[in-house]
Amino acid sequence: MPLKTKKKPVPNLSSREARLAFWMLAPAFTIVIVIVVFPVIWNIWLSLKPVLLGDLRGASLFSFNLTLGNFLKVFTDPNFSTIFLTTIIYATLGSVLSIILGLVAALLVQDEFPGRSLVRGLLLSPYIAPVVAVTFTWSFILDPQLGVLNWLAVDKGLFSQPIPFLSQRWWVLDLPLITVRIPLALTSVILFEGWRYFPFAFLFILARLQAIPDDLYQASVVDGASPLQRFRHITLPQLYMVLANLFLFRFIWTFNKFDDIFLLTRGQAGTFGEFNIGASSAVAIVLFVTLAAFLIVYFRWIVKEAQDFL
Amino acid sequence: MASLTVKNITKRFGKITALSQASLHVEDGEFCVLLGPSGCGKSTLLNIIAGLISQDEGTVLFDDQPVDQLSPRERDVAMVFQSYALYPHMTVAQNIGFGLRMRQVPKTIIQDQVLETARLLGIEELLDRKPKELSGGQRQRVAMGRALVRRPKLFLLDEPLSNLDARLRASVRVELRQLHQQIRGTITYVTHDQVEAMTLGDKVVVMRGGRIIQIGSPEIIYERPADTFVATFIGSPEMNLYQGRTAKSGEHFSFQGNGFKIELKNVPVELMEGAVEIGMRPEDIEIGQKGDIVFQAHAEMLRPFSSLASSYH
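Just so you know, these numbers come straight off a predicted model, no measurement behind them. (Residues numbered from 1 in each chain as written. Chains lettered and ligands numbered in written order. Predicted model: local features only at pLDDT ≥ 70, side-chain atom pairs only at ≥ 80, totals over all residues. Heavy atoms only, no water.)

Caption draft 1: Spotlight on the overall build of chain B. Counting its secondary structure elements, chain B contains nine helices and 16 strands. Its C-alpha atoms give chain B principal-axis dimensions of roughly 80 × 45 × 35 Å. Within chain B, the fraction of its 313 residues that count as buried is 46%. The long-range fraction of contacts in chain B, counting pairs at least 24 apart against all pairs at least 6 apart in sequence, stands at 64%. Accessible area for chain B stands at about 16500 Å²; split by element, carbon and sulfur atoms hold 49% of it. (Helix = DSSP H or I, 4+ residues; strand = E, 2+ residues; numbered from the N terminus. Buried < 20%, exposed > 50% of the residue type's maximum accessible area, 1.4 Å probe, protein only. Contact = heavy atoms within 4.5 Å. Areas by Shrake-Rupley, 256 points an atom, 1.4 Å probe, with all protein chains shown as cover.)

Caption draft 2: Main features of the packing of aromatic side chains. Taken as a whole and assessed by the stated rule, the structure comprises 21 aromatic pairs over all chains. Ring geometry for Phe38(A) versus Trp42(A): centroids 6.0 Å apart, planes at 20°, classification stacked. On the criterion of helical spacing, the pair formed by Phe38(A) and Trp42(A) is a turn pair, its members being four residues apart in helix α1 (residues 13–47). Judged by its relative accessible area of 48%, Phe38(A) falls in the partly exposed class. Ring geometry for Phe80(A) versus Phe84(A): centroids 5.6 Å apart, planes at 25°, classification stacked. Placement of the pair is Phe80(A) and Phe84(A) together in helix α3 (residues 80–108), with a separation of four residues, close to one helical turn. Three or more aromatic residues joined by ring pairs make a cluster, and in this case those are Tyr127(A), Tyr197(A), Phe200(A), Phe204(A), Phe249(A) and Trp253(A). Residue placement shows Arg146(B) over the ring face of Tyr87(B); its charged tip is 4.6 Å from the ring centre. The lysine or arginine in question, Arg281(B), covers the ring of Tyr222(B), its NZ or CZ lying 3.9 Å from the ring centre. (Phe/Tyr/Trp six-rings, centres within 6.5 Å; stacked < 30°, edge-to-face > 60°. Lys NZ or Arg CZ within 6 Å of the ring centre and 35° of its normal.)

Caption draft 3: View of the packing of helix α10 (residues 227–255) of chain A against helix α3 (residues 92–102) of chain B. Orientation of α10(A) relative to α3(B), taken along the N-to-C sense of each, is 160°, at an axis distance of 12 Å. Relative to α3(B), α10(A) is oriented roughly antiparallel. α3(B) is crossed by α10(A), and the crossing has right-handed handedness. Side by side, α10(A) and α3(B) meet where Gln229(A), His233(A) and Ile234(A) of the first sit next to Phe98(B), Arg101(B) and Met102(B) of the second. Grouping the amino acids of the contact of α10(A) with α3(B) by side-chain chemistry returns three nonpolar, two polar and one charged. (Axes fitted to C-alpha atoms, helices over the stretch in contact; angles between N-to-C directions. Parallel < 35°, antiparallel > 145°, perpendicular 65-115°, else oblique. Left-handed = near helix turned anticlockwise from the far one by under 90°. Nonpolar A, V, L, I, M, F, W, Y, C, P; charged D, E, K, R; others polar.)

Caption draft 4: Highlighting the packing of α3(B) against helix α4 (residues 107–121) of chain B. Residue and element names in this part refer to chain B. With their axes 9 Å apart at the nearest point, α3 and α4 run at an angle of 130° to one another. If you check the angle between α3 and α4, you find them oblique. Of the two possible hands of crossing, α3 and α4 adopt the one that is right-handed. Only Ile110, Gln113 and Val114 of α4 make contact with α3, whose side of the interface consists of Ala93, Ile96, Gly97, Leu100 and Arg101.

Caption draft 5: The arrangement of the domain arrangement of chain B in detail. Residue and element names in this part refer to chain B. Domain boundaries assigned for chain B yield domain 1 (4–232) and domain 2 (237–312). Inter-centroid distance (C-alpha atoms) of domain 1 to domain 2 is 39 Å. The interface of domain 1 with domain 2 comprises five residues on the first partner and eight residues on the second. For the pairing of domain 1 and domain 2, the buried interface totals around 610 Å² over both sides, and the portion due to carbon and sulfur atoms is 55%. (Domains from an automatic or database assignment. Buried area = accessible area lost by both parts, 1.4 Å probe.)

Caption draft 6: Layout of the sheet that holds strand β1 (residues 4–13) of chain B. Residues and elements named next belong to chain B. Within the open sheet, the four strands sit side by side as β2-β1-β4-β5. Their pairing is antiparallel. Two strands bound the open sheet, and with one partner strand each, they are β2 (16–26) and β5 (65–66). Where strand β4 (residues 57–62) and β5 come together, two bridges link them in antiparallel fashion. Along β5, the bridge assignment pairs Leu61 with Pro66. Contacting β1, β2 and β4, helix α1 (residues 42–50) runs over the sheet at an angle of about 115° to β1. (Pairing = 2+ DSSP bridges.)

Caption draft 7: Local environment of the domain arrangement of chain A. Partitioning chain A into domains gives domain 1 (14–62) and domain 2 (78–132 + 186–273). Once you take the C-alpha centre of each, domain 1 of chain A and domain 2 of chain A turn out to be 34 Å apart.

Caption draft 8: Representation of the side chain of Ser188(A) within the structure. Relative to the helices and strands, Ser188(A) is located in helix α8 (residues 184–211). If sequence neighbours within four positions are ignored, Ser188(A) has contacts with Phe165(A) and Leu166(A).

Caption draft 9: Quick peek at the sheet that holds strand β13 (residues 261–264) of chain B. Residue and element names in this part refer to chain B. On the basis of which strands lie adjacent, the open sheet formed by four strands has the order β13-β12-β11-β14 and antiparallel pairing. If you trace the sheet from one side to the other, it starts and ends with β13 and β14 (274–280), each paired once. Going from strand to strand, the sheet's axes swing by 40° on average, the running direction of each strand aside. Of the pairings in the sheet, the one linking strand β11 (residues 240–249) to strand β12 (residues 252–256) comprises five bridges and is antiparallel in character. If you follow Ala247 over to β12, its bridge partner there is Ser254.

Caption draft 10: Structural context of the nonpolar core. Judged by nonpolar contacts, the single largest core of 65 residues is most densely connected at Ile205(A), Leu45(B) and Phe62(B). It is α10(A) that contributes the most residues to this core, 11 residues altogether. Leaving out residues up to four positions away in the same chain, Leu45(B) has contacts with Val6(B), Ile9(B), Leu19(B), Leu24(B), Leu34(B) and Met207(B). Residues Ile110(B), Leu121(B), Leu148(B) and Leu200(B) belong to the second largest nonpolar core, which totals 42 residues. (Core = buried A, V, L, I, M, F, W, Y, C linked by side-chain atoms within 4.5 Å.)

Caption draft 11: Structural view of the interface of chain B and chain A. Facing the 24 residues of chain B at the interface are 19 residues of chain A. For the pair chain B and chain A, the summed buried area comes to about 1800 Å², and 58% of that belongs to carbon and sulfur atoms. When the buried surface of chain B facing chain A is broken down by residue, Tyr87(B), His89(B) and Met102(B) rank first, second and third, together holding 29% of it. For the pair chain B and chain A, the interface holds two salt bridges. In this structure, Arg150(B) and Asp223(A) form a salt bridge, with 3.1 Å as the shortest nitrogen-oxygen distance. The tally of links from chain B across to chain A stands at 11 residue pairs in polar contact (both at pLDDT 80 or more). (Salt bridge = Lys/Arg side-chain N within 4 Å of Asp/Glu carboxyl O. Polar contact = N/O pair within 3.5 Å; in protein donor to acceptor, adjacent residues only side chain to side chain.)

Caption draft 12: Representation of the pairing of strand β7 (residues 154–158) of chain B in the model. Residue and element names in this part refer to chain B. Counting buried positions along β7 gives five out of five residues, so the element sits mostly inside the fold. Neither face of β7 is left uncovered, since the one carrying Leu154, Leu156 and Asp158 and the one carrying Phe155 and Leu157 both have all their residues buried. In the sheet, strand β6 (residues 77–80) pairs with β7 via four bridges, with the strands oriented parallel. Looking at the pairing, Ala78 lines up with Phe155 of β7. In this structure, β7 lies alongside strand β8 (residues 187–191), joined through four bridges in parallel fashion. For Phe155, the partnering residue across the bridge sits in β8 and is Ile187.

Rendered as structure tokens:
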């Protein structure tokens, strides 16, 4: 007589592992759905509807009154191309400037000297300080009436009159041969951006610099490379990957930047305005799509290239 | 190629004296090996010769000209590092040609010389690869190529074989020796491996604790070690040391050890009566019954190993 035991069949290893994997991934998956996927879909939904601030809690939020009106409003805005171009210039130059400053700072404090840790710590301060505090400080420094910079420059005869760095869109400079029109507020904001975010680049670059093996430098010294050649042929290629990634992050974050500019300029040089939720959502979608396109190009070309350097 | 003279080099790192009064001379075309345990100052000495670090005292001369004030580039030396230090973002060809490129040699000449060097080392097929795509042995060759291509005054090699497995190490050792005979370069070679030192060097410099203990040909170092450190450091299995006394009986001296006695005949040193330590190479000990030496031992372990069997007691 065969013995009959009524035991639950033990699931095989792969199905047990699959079950474990499911439960391990579920929390992260849920979080991503809630804080990433849902807002994006919600944003797309809003951008396709005429929603003003007052409508945000109404039942009309869920009605299917879809329209492309918001996008039309964005694209047909006579200032759209200017604003778009300005954003790209601002994001590109702001990112590049912060990376260059970060690179210079990292190279300066790479080697041992007394008080190095202190200097390294101090260099981080623009990034750590609260954004409201630093924008307030800078707008105070740059203020045409009360600002210390204008006062000093006028006092020493550098400027003939105070320059409203943050509230004037164009600054016309009369040079002997040509007249140059400088986008003043934009330039100020880019410089501020470079100053405020260079510590971020600085940290990453310094970490990578420290990881470059010393004997690569020794080998290049013996090979006869001058300090400049060492930077060009050893340091820079070794930093290529981190620089590429830094530009990616900084570009995305600067492209979406709002708080710094708003706090610095208060929208004076033609920046912000109405409380149209639908149109804002459409703007967000335009930014999103632009960044997505940028990311695709970037990963195809730059990151692939950078991996070659490893 | 040039001759190398090091005179009374002293180097301190803080309170630690890494090198103390080191002096040596390497003839033009000679293969000189700096041998010693880790931390003996041999790599420091090599870096000082290269100009990568500066000495506190003493002077370095190439062809009897002081080079202390010259940068590594001006000294025109080539170095092979233990880690190879290949530039990871460059191809093999770019790695080998880097030194020439830094010296503004025209591109076509660089190409020719890189190819010629690659042929010499048998790595022509690898020229377009990156270091990460190479095996350890191939990387070692590229590092050698980088040094060879420039035809420098001096080759400095810092444990270039220590990252290779035992089999490869043996074959590269032979190749290195052949290469040296081919190019007749002046080589200073740092190692802690006595087999490398004994098989490669025309001249072996034994170092310990920042001092040079003995300089001589491998035969001299082996046969006439300067002290018990050199005696035990060189040779595998290690030399046996016994403490005891010498005493004169009739015409000959004899050594009285702990439970055995040896008649000392044809000893190439002046002998005196007193407490001494004698050393015997294991391969010089034979089992036999000649009667003049009575030496009994109890074997605790026998280790058969190829044609050699080691006995520990």
